[in-house]
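# Inside the fold
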Amino acid sequence: MEVTYRKAVKDDADLLIEIYNSSFYDDYVFYGECPAYGHTKEQMEQSFEDFTKYIILSDDMPIGALSFKDKGEGRYFLGCLCVIPEYQGKGIGTKTFKYMLSVCPDWKEITLVTPADKEQNVMFYTEKCGFNIGEKVMDGNVEVVKFYMNQRGN
């Protein structure tokens, strides 16, 4: 499957909301909350102040999103890597993470959080992307696990 990426701009806010809501609806229903679900257009536009965003495309159709924050000195926070449900399990997330590494060539450390009980996410980030599991903390009523990756030799 051919996957391409397009840097998102504020005019993509409605499209990004649609992608996020499709990708995170099940989490919202299961947990009763999800920080990536239900953004207003204003919230999504505001998030461009801190996060670089890309739209994942397959045959020019938007199928997912990548969002990360440059914290300086080679440190990045992966805020969102999502693929709409009908395209999950096809290697797109793994390709997208590798793409992130290519557009962040100065990376030394990458961190992220995901619900601790989302076994599919935990396996994806550890087995497919090479993250290490860090501490577990509560975020609202959801226990999340922090992940980290350090570039060897840095």
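Residues numbered from 1 in each chain as written. Predicted model: local features only at pLDDT ≥ 70, side-chain atom pairs only at ≥ 80, totals over all residues. Heavy atoms only, no water.

## With respect to the layout of surface pockets
Of the pockets and cavities examined, the largest pocket occupies roughly 1,300 Å³. Every residue lining the largest pocket is counted, 50 residues in all, and those nearest its centre are Phe 24, Leu 81, Thr 114, Asn 121 and Tyr 125. Broken down by element, the lining of the largest pocket gets its largest block of residues, eight residues, from helix 1 (residues 13–31). (1 Å grid on protein atoms, 1.4 Å probe; cavity = no way out; pocket = protein on both sides within 12 Å on 5 of 7 lines; lining within 4 Å. Points joined across faces, edges and corners; volume = space filled by probe spheres on them. Helix = DSSP H or I, 4+ residues; strand = E, 2+ residues; numbered from the N terminus.)

## Side note on helix 1
Considering bend angle alone, the principal kink of helix 1 is centred on Phe 24 and spans about 55 degrees. Just downstream of helix 1, Gly 32 is the residue with a positive phi angle, here 80 degrees. (Bend = angle between axes of the 7 residues up to and from the residue.)

## Describing helix 4 (residues 119–128)
Turning to helix 4, its buried residues are Val 122, Phe 124 and Tyr 125. Each buried residue of helix 4 sits inside an arc of 165 degrees when the element is viewed along its axis, so together they form one side. Residues of helix 4 that are exposed and point more than 90 degrees away from the buried face comprise Glu 119, Gln 120, Glu 127 and Lys 128. At its buried positions, helix 4 is contacted by strand 4 (75–83), helix 3 (92–103), strand 5 (109–115), strand 6 (132–139) and strand 7 (142–150). Just downstream of helix 4 lies Gly 130, where phi reads positive at about 90 degrees. (Buried < 20%, exposed > 50% of the residue type's maximum accessible area, 1.4 Å probe, protein only. Arc of directions from axis to C-beta. Contact = heavy atoms within 4.5 Å.)

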